[in-house]
Amino acid sequence: MISNFYTLKTEDNEVGYENPLEMVKEWRKRPNTRIFVSKWATPEGGEGTLIGEPIDITHVALHLIEDERERERGRAR
């Protein structure tokens with residue numbers, strides 16, 4: 001089974017999430033936190049193996065939030 005894992009990182013702390021919605025809720029509460037996503041392969045009943053390197057997607061999340069705000073402003077006019 002292949003799955004994504006999301007990690008919120010600050011200079012001195014790191015917290016992981018399997019559920020992206022839970023991760024986003026926590027991320028919005030914590031300024032200056034970076035979002036990383038990693039892909040894991042987990043055989044049934046086995047230990048997970050990281051596929052590739054975790055990717056910083058903070059800029060993507062910020063862009064999506066700004067895009068949504070722009071759309072809301074457009075609808076309000």
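Here we summarise the structure given alongside this text. Residue positions within a chain follow its written sequence, with the count starting from 1. Totals for whole chains, interfaces and linings use every residue, but because this is a predicted model, local features are given only for residues with pLDDT of at least 70 and side-chain atom pairs only at 80 or more, for both listing and counting. By convention in this description, side-chain values take in all heavy atoms of the structure and omit both hydrogens and water.

### A few points about the overall build of the protein chain
Which entries qualify depends on this criterion: Going along the chain from the N terminus, every DSSP run of H or I of four or more residues is numbered as a helix, and every run of E of two or more is numbered as a strand. Just to be clear, the radius of gyration here is over C-alpha atoms, and the globule rule we use is 2.2 Å times residues to the power 0.38. Each residue gets one of three labels from its accessible area relative to the maximum for its type: buried under 20%, exposed over 50%, partly exposed in between, using a 1.4 Å probe on protein chains only. Whether two residues touch is decided by their heavy atoms; if any such pair falls within 4.5 Å, the residues are in contact. Values of accessible area rely on a 1.4 Å probe in the Shrake-Rupley scheme; residue burial ignores everything except the protein chains shown. Residues counted as positive are Lys and Arg, residues counted as negative are Asp and Glu, and His and the chain ends are not counted. Lysine's charge is taken at NZ, arginine's at CZ, aspartate's at CG and glutamate's at CD.
Helix and strand counts for the protein chain stand at 2 helices and 4 strands. In sequence order, the protein chain lays out its α and β elements as β-β-α-β-β-α. Computed over its C-alpha atoms, the radius of gyration of the protein chain comes to 15 Å, more than 25% above the 11 Å expected for a compact globule of 77 residues. Summarising its shape, the C-alpha atoms of the protein chain cover approximately 55 × 30 × 20 Å along the three principal directions. The buried share among the 77 residues of the protein chain stands at 17%. Considering only contacts within the protein chain whose residues lie at least 6 apart along the sequence, 38% involve residues at least 24 apart. Surface exposure of the protein chain reaches about 6,200 Å², of which carbon and sulfur atoms provide 53%. A gap of 9 Å separates the mean positions of the 12 positive and 15 negative side-chain charges of the protein chain.

### Quick notes on the packing of aromatic side chains
To be explicit about the condition: To pair, rings of Phe, Tyr and Trp, with the six-membered ring standing in for Trp, must have centres within 6.5 Å; the planes then decide the type, stacked if under 30 degrees apart, edge-to-face if over 60, and tilted in the middle. Two conditions define a charge located above a ring, namely a distance within 6 Å from the ring centre to NZ of Lys or CZ of Arg, and an angle within 35 degrees of the ring normal.
Enumeration according to the criterion identifies 0 aromatic pairs in this entry. Positioned over the ring face of Phe36 is Lys9, at 4.4 Å from the centre of the ring.

### A closer look at the nonpolar core
As a reminder, the rule being used: Side-chain atoms within 4.5 Å are what join buried Ala, Val, Leu, Ile, Met, Phe, Trp, Tyr and Cys residues into a set we call a nonpolar core.
Counting residues in each nonpolar core, the largest one holds 8 residues, listed as Tyr6, Leu8, Tyr17, Met23, Trp27, Ile35, Val37 and Ala61. Secondary-structure elements contributing two or more residues to this core are β1 (2-9), α1 (20-29) and β3 (34-41).

### Structural notes on the side chain of Ser38
What counts, and what does not: Think of a polar contact as two N or O atoms within 3.5 Å of one another; within protein, one of them needs to be a possible hydrogen donor and the other a possible acceptor, and neighboring residues in sequence only count if both atoms come from side chains.
Structurally, Ser38 is set in strand β3. On the accessibility criterion, Ser38 (7% relative accessible area) is buried. Within the local environment of Ser38, its side chain forms a polar contact with the side chain of Trp40, the two groups lying 2.9 Å apart.

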